[in-house]
Amino acid sequence: MELPAPLTKADFLAFDHRQAALGQLLFYDRILSGNRNIACATCHHPRHGTGDGLSLGIGEGGEGLGPDRLAGTGGDRIRKRIPRNAPGLWNLGTKELHTLFHDGRLSVADTYDNGFNSPAEEWLPDGFNSLLAAQAVFPLVAQFEMSGNPRENEIAGAIHDRIDAAWPILAKRVRVIPDYGRRFVAAFDHIDTPEQVTIVEIANALAAFQAIEWQSLDSPFDRYLAGDTTALDGAQTRGMALFYGKANCASCHSGKLMSDQKFHAIGLPPFGPGRTRRFDPMVRDVGRMGESDRLEDAYRFRTPMLRNVELTAPYGHNGAYPTLDGIIRHHLAPDTMLQAWAPDTAALPDAPWLAAVDFAVWNDAREMARHARFRDIEPVALAEAEISDLVAFLKALTGTGSVAAPPFGIPATVPSGLPVDR
């Protein structure tokens, strides 16, 4: 059994703690949303493992937090579910990480001479301190996530001119708050006055906070890799042997990050509005093909990292399975589990006006047939006890001190004075 090398502090990028302290406030502040009604933390909250506990999230226009979040009412109700599951934020500050989003539409690359291949293409600003910082600017300009609908606010309106038109407006909205202005001058050596603050400094602060706050390398498995052979119990040890052996999990969940950062089709039950190509009118999710426009990438999604996976339910790019047992069984027998899957398995807050879309794909025989043709995993036969051991091993990936006592926590207040999701 070949195990990966231990994940250590040396595997992480260095970030400035002053900037991280500023990023903590920005992460929990609704000032970064178009209508000032949702923060980054709303869908990535530590109470829910840095996710939201939903299969498909309720973004701009929703009310509440986590599995109890509602879809809103009247003119403020949501117009669309977030097409994919809100991923956890653990260990996103690692040096090895080169690709983000379920379809990999953000990656480290020289495609546009700015260091990244991203939805902003050549209009992405320079100066980001990491891949994580580049990622931070995109939810801010996503209509159904944080920016809101056209004609509701100046942010949403600017986006419909060009994606980068909204970022200067957001930056000014933040820096004119006196407390934020002072904090940026103190945290960034090249900033002498608040007027110099751009979306890049905001993103770099957000990245510094997330990278430091949710760094996790103290799970029982990490201690085992570091040489403590007593860190895993019998079931966890047997599950580890299955993970790196008979069950073939490590063929994709490989290396220190437990992800090959590649894309695989595993046939998860489709539902929700999905994400597809711009010219494609169908309700479906074509995965990586939506970014690459290559048929061989159809229905393939990025392999997630697995530390703290116990905390980040539901599972899959669309949160199709609420338990570790369920997502494991799907990997072992994807077609059988697809046939047995029931819509009420999904954690979708009630939104009757969206019901016609939620499971429309199941009535499209041709799309379901296309979906069934793409499989990158073969069935594996495991006994019930072996499945239980795999679950036990995945739970051994949960951090201890890093989860119980993160460096910053949730702020009591934020400089904008807007409510904080607690």
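Going along each chain's sequence as written, the residues are numbered from 1 onward. Owing to the predicted nature of the model, reporting of local features is limited to residues with pLDDT of at least 70; listing and counting of side-chain atom pairs is limited to 80 or more, with chain, interface and lining totals taken over all residues. Hydrogens are left out, water is left out, and the side-chain values use all remaining heavy atoms of the structure.

*Asks:* Tell me about helix H15 (residues 365-373), and name the residues and values.
*Replies:* Only protein chains enter the accessibility calculation, which uses a 1.4 Å probe; a residue is then buried when its area is under 20% of its type maximum, exposed when over 50%, and partly exposed in between. To qualify as a helix, a DSSP run of H or I must reach at least 4 residues; to qualify as a strand, a run of E must reach at least 2; elements of each kind are numbered from the N terminus. Residues of H15 that are buried include every one of Glu367, Met368 and His371, and no others. Seen end-on, H15 carries its buried residues on one side only, within an arc spanning 100 degrees. Away from its buried face by more than 90 degrees, H15 exposes Ala365, Arg366 and Arg373. Check the buried side of H15 and you find it contacts helix H13 (334-340). This arc is built from the directions going out from the helix axis to the C-beta atoms. Contacts between residues were defined by any pair of non-hydrogen atoms, one from each residue, lying within 4.5 Å.

*Asks:* Any chance you could break down the nonpolar core for me, citing the residues and the numbers?
*Replies:* Within the largest apolar cluster, 68 residues are counted, with the highest numbers of intra-cluster contacts made by Leu26, Trp167, Tyr180 and Ile202. Looking at this core, the elements that each hand over two or more residues are helix H1 (17-27), helix H2 (40-43), helix H3 (131-140), helix H5 (154-159), helix H6 (167-175), helix H7 (178-187) and helix H8 (199-213). Top element by residues in this core is H8. It accounts for 11 residues. In this description, a nonpolar core means a group of buried Ala, Val, Leu, Ile, Met, Phe, Trp, Tyr and Cys residues linked to one another through side-chain atoms lying within 4.5 Å. Ranked by size, the runner-up nonpolar core spans 37 residues in total, among them Phe221, Leu268, Ala346 and Phe393.

*Asks:* Outline the side chain of aspartate 389, supporting the account with residue identities and numerical values.
*Replies:* Mapped onto the fold, aspartate 389 is located in helix H16 (residues 384-395). Polar contacts, as counted here, are pairs of nitrogen or oxygen atoms within 3.5 Å of one another; within protein the pair requires one atom able to donate a hydrogen and one able to accept it, and residues that are adjacent in sequence qualify only if both atoms are side-chain atoms. Among the polar contacts made by the side chain of aspartate 389, one reaches the side chain of arginine 238 at a distance of 2.9 Å. In contact with aspartate 389, not counting residues within four places along its chain, are Ala235, Arg238, Gly239 and Leu242.

*Asks:* Let's hear about unusual backbone geometry: which residues, and what values?
*Replies:* Following alanine 313, the chain continues to proline 314 via a peptide bond in cis, the omega torsion being 0 degrees. Examined against the element boundaries, proline 314 turns out to sit in the loop between strand E5 (301-302) and helix H12 (324-332). A positive phi angle, close to 60 degrees, is found at aspartate 113, a residue other than glycine. With respect to the helices and strands, aspartate 113 occurs in the loop between strand E2 (106-108) and strand E3 (116-117). You can call aspartate 113 exposed: its relative accessible area is 72%. Look at glutamine 261: it is not a glycine, yet its phi comes out positive at around 55 degrees. Mapped onto the elements, glutamine 261 comes out in the loop between helix H10 (234-243) and strand E4 (263-264). In this structure glutamine 261 comes out as buried when scored by relative accessible area, which is 6%.

*Asks:* So what's going on with the environment of arginine 275? Which residues, and what values?
*Replies:* Relative to the helices and strands, arginine 275 is located in the loop between E4 and helix H11 (289-292). Along the primary structure arginine 275 and arginine 84 are separated by 191 residues, whereas in three dimensions their C-alpha atoms are 8.0 Å apart. Among residues more than four places away in sequence, those in contact with arginine 275 are Pro83, Arg84, Asp103, Arg105, Arg284, Asp285, Val286 and Gly287.

*Asks:* Tell me about the environment of leucine 338, residues and numbers included.
*Replies:* Tracing the chain through its elements places leucine 338 in helix H13. Accessibility expressed as a relative area gives 10% for leucine 338, which makes it buried. Measuring from C-alpha to C-alpha, the distance between leucine 338 and leucine 268 comes to 6.7 Å, with 70 residues separating the pair along the chain. If we ignore the near neighbours within four places in the chain, the residues touching leucine 338 are Gly267, Leu268, Pro269, Pro270, Tyr321, His330, Trp362, His371 and Arg375.

*Asks:* Quick one: what's the story with the layout of surface pockets, residue by residue and with numbers?
*Replies:* Residues are said to line a cavity or pocket when one of their atoms sits within 4 Å of a point; the points come from a 1 Å grid over protein atoms alone, cavities being sets where a 1.4 Å probe fits but cannot get out and pockets being open sets with protein on both sides within 12 Å along at least five of seven lines. Grid points are joined across faces, edges and corners, and a volume is the space filled by probe spheres set on the points. Roughly 1,500 Å³ of volume is contained in the second largest pocket. Residue assignment for the lining of the second largest pocket shows that the elements contributing at least two residues are H3, helix H4 (143-147), H5, H11 and helix H14 (355-358). No other element matches H4, which puts 4 residues into the lining of the second largest pocket. When residue character is reported, Ala, Val, Leu, Ile, Met, Phe, Trp, Tyr, Cys and Pro are called nonpolar, Asp, Glu, Lys and Arg charged, and the others, Gly included, polar. For the lining of the second largest pocket, the residue count by class is 21 nonpolar, 10 polar and 16 charged.

Just geometry here; none of it tells us what the structure is for.
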